[in-house]
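# Reading the structure
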Amino acid sequence: MPATVTTEEKLERSTSKAAIKRAIDLRISAGAIRSWVEDGGDHWLLKTEWNVFGSNIANPMNAVD
Amino acid sequence: MLLLARSQDLTATVVAIEQLTGAVVAQQAVLSGQANSQSIATLLANKEALEQIGAQLERDQIAVQEATTAEASARAALDGEQKKLEDAQDALAGDPDNEDRKSAVDRAKIDVGRAEDNLQLKNSELALRKSQLNETQKVRDAVARQLDSATASASAAASGGGQFGASQSRDNLTDTTATAIASAVENIVTRVVGKNYLTDACIAIITQPPDPKMPLAERQETVRACYELMKQANRSEILRFKGVVAESSLEPEPIDRVKQLLALVSKLPARDAIRLATTPPVALSPDVEALVNATDPQRLRTRDASVARLILKRMLAVGAFSPAELTAWDAAMRAAIAG
């Protein structure tokens, strides 16, 4: 069982850097381990890494009390 | 522009109230074009008829005078014939056997008879002429009265007279209706007087052409302040002018709302966090479903409130929910928190 799951979200190429930054911040606020953007050619690819509950704790913020 | 908007709002309010309560205005003087033209037409027709009748009356009067003269002549002729008859009879009395005098008396009698017939004819003609004259006078008097009436009507129209339009009576209202109208008027006045024009002012600021003398940062700060004011003033107005706000390169509203929802998630009671994480108030997209199932394969969220809260945050962060769906989330969580 993987300790993390990475999601990918397509963003329009016209999305501003500020908007991408806000999207990344939102995912971090929601408990993501990390989030970053990659060039997908005609679009941006927003990748986010989430920990899996019940496995190794990858991010202290997501620790289950 | 705002003053104009206020003025238009108040005007619309007055009109609306007048629709309910009846206008407080002077009665309107009304003289229709048809009534006016009828008066004029009657006036002209009567005048022409009266002129014709006047001429006829003159002819009738002349005829009566002629008939009177003829009757007098016939009467004089009869008197003459009767005198001749008397003379002939006197002459015959002096010589009863004189055949010539007998013949003269017979002719005199015939002439008297003709004169009597002629007088009777002239009397009848005189009576007829007088009758015609009398009828003509009656007709002239009747037409003259109509002319007077038409002239009076036309004079009233010319002087701005006429009938006053009846005002709509509100006397037949039931108590329930009167109460409802009073309530409606109160609501209208309350809404208009208490209307917030802050949003309108902000829209005007946001949409006006940028002042080249104003630094860009300052303008952005002004626009941002307006956006915050609008957000607090009326959420529906924000949605309505969302396009304008977005064009101003301000922060899109959905992310703000999601951040607010993330804060609410932390305040959810344990039982409600588990319930919402297990049964979300809105449908999840397949991608979100996959994320939830992949990161919580043991379904800890169904029994662990902490996991449930974290799952809820992930749902909200990547859910790409519509404003309506975010509203549903907001309502569900606030209801749960309010308990």
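Here is what the cut-offs are and how they apply
- Once a new chain begins, its residue numbering starts again from 1 and follows that chain's sequence as written.
- Written order decides the labels, with chains lettered from A and ligands numbered from 1.
- Side-chain atom pairs in this predicted model are given and counted only at pLDDT of 80 or more, local residue features only at pLDDT of at least 70, and totals for whole chains, interfaces and linings cover all residues.
- Each helix corresponds to a stretch of at least 4 residues labelled H or I by DSSP, and each strand to a stretch of at least 2 residues labelled E; elements are numbered beginning at the N terminus.
- Partly exposed residues are those whose C-beta has more than 12 but fewer than 20 other C-beta atoms within 10 Å; 20 or more makes a residue buried and 12 or fewer makes it exposed, with C-beta atoms placed from the backbone.
- Contacts are defined on C-beta atoms placed from the backbone: any two residues whose C-beta positions lie within 7 Å are in contact.
- For this classification, the nonpolar set comprises Ala, Val, Leu, Ile, Met, Phe, Trp, Tyr, Cys and Pro, the charged set comprises Asp, Glu, Lys and Arg, and every other residue, Gly included, is treated as polar.
- Pairing between strands requires that DSSP locate at least two bridges from one strand to the other.
- An axis is simply a line fitted to the C-alpha atoms; with a helix, the fit covers only the stretch in contact. Between two such axes, the angle follows the N-to-C directions and lies from 0 to 180 degrees.
- A set of buried residues qualifies as a nonpolar core if it consists of Ala, Val, Leu, Ile, Met, Phe, Trp, Tyr and Cys joined through C-beta atoms within 7 Å.
- In what follows, roughly perpendicular refers to angles from 65 to 115 degrees, roughly parallel to angles under 35, roughly antiparallel to angles over 145, and oblique to any angle outside these ranges.
- Left-handed describes a crossing whose near helix is turned anticlockwise from the far helix through less than a right angle; right-handed describes the clockwise counterpart.
- Along the arc lie the directions from the helix axis toward the C-beta atoms.
- Each residue gets a pLDDT score, which is the predictor's confidence in that residue and runs from 0 to 100.

## Digging into the overall build of chain B
For chain B, the count of helices and strands is 13 helices and 2 strands. Burial analysis of chain B (339 residues in total) assigns 20% to the buried set. Long-range pairs, those at least 24 residues apart, make up 82% of the contacts in chain B with a sequence separation of at least 6.

## Thoughts on the overall build of chain A
Across its full length, chain A holds 1 helix and 3 strands. For chain A, the succession of helices and strands along the chain, N to C, is β-α-β-β. Out of the 65 residues belonging to chain A, those deemed buried represent 23%.

## Quick word on the interface of chain B and chain A
Counting residues at the interface gives 21 residues for chain B and 18 residues for chain A. Residue assignment for the side of chain B that touches chain A shows that the elements contributing at least two residues are helix 9 (253-266), helix 11 (286-295) and helix 12 (305-318) of chain B. A total of 8 residues in the side of chain B that touches chain A trace back to one element, the largest contributor, which is helix 12 of chain B. A breakdown of the residues in the side of chain B that touches chain A according to their chemical character gives 12 nonpolar, 3 polar and 6 charged.

## Some details on the sheet that holds strand 2 (residues 34-39) of chain A
Taken in spatial order, the 3 strands line up as 1-3-2 (chain A) in an open sheet, and their pairing is antiparallel. Each edge of the open sheet is held by one strand with a lone partner, namely strand 1 (4-12) and strand 2 of chain A. The sheet shows a mean angle of 25° between the axes of neighbouring strands, taken without regard to direction. Bridge count between strand 2 of chain A and strand 3 (residues 43-51) of chain A: 6 bridges; the pairing is antiparallel. By the bridge assignment for strand 3 of chain A, Trp36(A) is matched with Lys47(A). Against the sheet, helix 11 of chain B contacts strand 1 and strand 3 of chain A, and its axis sits at roughly 165° relative to strand 1 of chain A.

## Here we look at the environment of Thr136(B)
All names here are of chain B. Along the chain, threonine 136 falls in helix 3 (residues 99-158). Put simply, threonine 136 and glutamine 56 are 80 residues apart on the chain and 7.3 Å apart in space, counted from C-alpha to C-alpha. Sequence-distant contacts of threonine 136, that is, excluding residues within four places in its chain, are made with Ile53, Gln56, Leu57 and Asp60.

## Considerations on the nonpolar core
Residues Ala273(B), Ala308(B), Ile311(B), Leu312(B) and Leu316(B) are the most contacted members of the largest nonpolar core, which totals 35 residues. Of all the secondary-structure elements, those providing two or more residues to this core are helix 1 (17-29) and strand 3 of chain A together with helix 9, helix 10 (270-278), helix 11, helix 12 and helix 13 (323-338) of chain B. Excluding its chain neighbours within four sequence positions, the residues that come into contact with Ala308(B) are Ala273(B), Ile274(B), Ala277(B) and Arg301(B).

## As for the packing of helix 10 of chain B against helix 12 of chain B
Residues and elements named next belong to chain B. It is the contact of helix 10 with helix 12, at a shortest axis distance of 8 Å, that shows an interaxial angle of 50°. Overall, the two elements helix 10 and helix 12 adopt an arrangement that is oblique. As helix 10 packs across helix 12, the resulting crossing turns out to be left-handed. Contact residues: Ala270, Ala273, Ile274, Leu276 and Ala277 in helix 10; Ala305, Ala308, Arg309, Ile311 and Leu312 in helix 12. A per-class count over the contact of helix 10 with helix 12 returns 9 nonpolar, no polar and 1 charged.

## Brief notes about helix 11 of chain B
Along helix 11 of chain B, the residues that are buried comprise Val288(B), Leu291(B), Val292(B) and Thr295(B). Seen along its axis, helix 11 of chain B keeps its buried residues to an arc of 95°; they face one direction. Seen from the open side of helix 11 of chain B, the exposed residues pointing more than 90 degrees away from its buried face are Pro286(B) and Asn293(B). Looking at the buried residues of helix 11 of chain B, the elements they touch are strand 1 and strand 3 of chain A together with helix 12 of chain B.

## What to know about the confidence of the model for chain B
Interpreting fine coordinate detail is not advised for predicted regions of low pLDDT. Residues and elements named next belong to chain B. Summary statistics for chain B give a mean pLDDT of 79 and a share of 76% for residues scoring 70 or more. Note that pLDDT drops below 50 for residues 244-252; the model gives that stretch 13 contacts with residues more than four away or on any other chain. On the interface metric, ipTM, the complex scores 0.85, and its pTM is 0.40.

## Re helix 10 of chain B
Along an α-helix, residues three or four apart share an orientation, since each turn contains 3.6 residues. Here helix 10 of chain B has its buried residues at Ala273(B), Ile274(B), Leu276(B) and Ala277(B). Looking at the buried residues of helix 10 of chain B, the elements they touch are helix 12 and helix 13 of chain B.

## Considering the environment of Thr302(B)
Residue and element names in this part refer to chain B. Turning to its location among the elements, threonine 302 is positioned in the loop between helix 11 and helix 12. Accessibility expressed as a C-beta count within 10 Å gives 14 for threonine 302, which makes it partly exposed. Taking the C-alpha atoms as reference, threonine 302 lies 9.6 Å from threonine 279; in sequence the two are 23 residues apart. Excluding residues that lie within four positions of it along the chain, threonine 302 makes contacts with Ile274 and Thr278.

## Overview of unusual backbone geometry
Residue and element names in this part refer to chain B. Non-glycine residue arginine 299 carries a positive phi angle of around 55°. Even without being a glycine, alanine 320 presents a positive backbone phi close to 50°. Note on placement: alanine 320 falls in the loop between helix 12 and helix 13.

## Side note on the pairing of strand 3 of chain A
Residues in a regular strand point their side chains to alternate faces of the sheet. Residue and element names in this part refer to chain A. Pairing geometry for strand 1 and strand 3, over 9 bridges, is antiparallel. By the bridge assignment, valine 5 is partnered in strand 3 with tryptophan 50. Adjacent in sequence and paired antiparallel, strand 2 and strand 3 are bridged by 3 residues, among which glycine 41 carries a positive phi angle near 95°.

## Section: the packing of helix 11 of chain B against helix 12 of chain B
All names here are of chain B. Running from N to C, helix 11 and helix 12 point in directions that differ by 150°, and their axes come no closer than 10 Å. Taken together, helix 11 and helix 12 sit at an angle that is classed as roughly antiparallel. The crossing of helix 11 and helix 12 is right-handed. Touching Val288, Leu291, Val292 and Thr295 of helix 11 are Ile311, Arg314, Met315 and Val318, all from helix 12. Among the residues forming the contact of helix 11 with helix 12, the class breakdown is 6 nonpolar, 1 polar and 1 charged.

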